[in-house]
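Structural description and commentary
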Amino acid sequence: MSLCQLKFKSITSSIILVGKQSFFVAHAARFADGSIFLFINICVMLLGVNDVLGIFLNFAALMFLQTVDNIALQVCLDGYWTRSLQTIAKDVVEMKFPYRHSNVHYCMQ
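Residues numbered from 1 in each chain as written. Predicted model: local features only at pLDDT ≥ 70, side-chain atom pairs only at ≥ 80, totals over all residues. Heavy atoms only, no water.

Looking at the overall build of the chain
- Counting secondary structure elements, the chain contains 5 helices and 0 strands.
- In sequence order, the secondary structure elements of the chain are arranged as α-α-α-α-α.
- Contacts spanning at least 24 positions in sequence make up 32% of the contacts within the chain whose residues lie at least 6 apart.
- Within the structure as shown, the chain displays about 9500 Å² of accessible surface, and the carbon and sulfur contribution to it stands at 68%. (Helix = DSSP H or I, 4+ residues; strand = E, 2+ residues; numbered from the N terminus. Contact = heavy atoms within 4.5 Å. Areas by Shrake-Rupley, 256 points an atom, 1.4 Å probe, with all protein chains shown as cover.)

Here you go:
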């Protein structure tokens, strides 16, 4: 067993609901979130604006909102919120999934 697999098993042992069902639910939720995000971007940002400057301003605002997520993660890592959020944020940053050594996985890396 590699070091990466040991880290993954130690992280998943501290989390109660880790399994195939929660894995698929999490990815389905991420897919739904991404689809809704793209739909809103196309409808509001591109179709709702008549000039080019408005499109650039909308994308600048979007970039600002995306940095808020990174700032929230950093605040959790620094321990400004609860200890449980700090532990989960550390787990998120340190989690590495083991790669299989095949041609398909090599191309994805």
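Focus: the packing of helix H3 (residues 52-78) against helix H4 (residues 83-94)
- In the contact formed by H3 and H4, the axes pass within 7 Å of each other and the chain directions differ by 115°. The hand of the H3/H4 crossing is left-handed. Facing H3, whose interface residues are Leu73, Cys76, Leu77 and Asp78, H4 presents Leu85, Gln86, Ala89, Lys90 and Val93.
- Partitioned by chemical class, the residues of the contact of H3 with H4 number 6 nonpolar, 1 polar and 2 charged. (Axes fitted to C-alpha atoms, helices over the stretch in contact; angles between N-to-C directions. Left-handed = near helix turned anticlockwise from the far one by under 90°. Nonpolar A, V, L, I, M, F, W, Y, C, P; charged D, E, K, R; others polar.)

Some points on the packing of helix H2 (residues 20-46) against H3
- Relative to each other, H2 and H3 sit at 145°, their axes nearing to 10 Å. Here H2 contributes Phe37, Asn41, Val44, Met45 and Leu46 to the contact with H3, which in turn contributes Ile55, Asn58, Phe59, Leu62 and Gln66.
- Tallied by class, the residues present in the contact of H2 with H3 amount to 7 nonpolar, 3 polar and no charged.

Considering H4
- For H4, which comprises 12 residues, the first-to-last C-alpha distance of 16 Å matches the rise-based estimate of 16 Å (1.5 Å per residue) to within 8%.
- Listed in full, the buried residues belonging to H4 are Gln86, Ala89 and Asp91. (Expected span 1.5 Å × (residues − 1). Buried < 20%, exposed > 50% of the residue type's maximum accessible area, 1.4 Å probe, protein only.)

Overview of the confidence of the model for the chain
- When the pLDDT values of the chain are averaged, the result is 76; 72% of them are 70 or greater.
- Low confidence marks residues 1-6, where pLDDT is under 50. Its contacts with residues over four positions away, or in another chain, come to 6 contacts. (pLDDT = per-residue confidence, 0-100.)

Side note on a nonpolar patch on the surface
- Taken together, the side chains of Ile36, Phe39, Ile40 and Val44 make up a nonpolar region of the molecular surface, amounting to roughly 410 Å² of accessible area.
- Summarising the element assignment, Val44 is placed in helix H2. (Patch = residues over 30% accessible without salt bridge, like charges linked within 9 Å, V, L, I, M, F, W, Y side chains within 5 Å. Salt bridge = Lys/Arg side-chain N within 4 Å of Asp/Glu carboxyl O.)

Some details on the side chain of Gln86
- Relative to the helices and strands, Gln86 is located in helix H4.
- On the accessibility criterion, Gln86 (18% relative accessible area) is buried.

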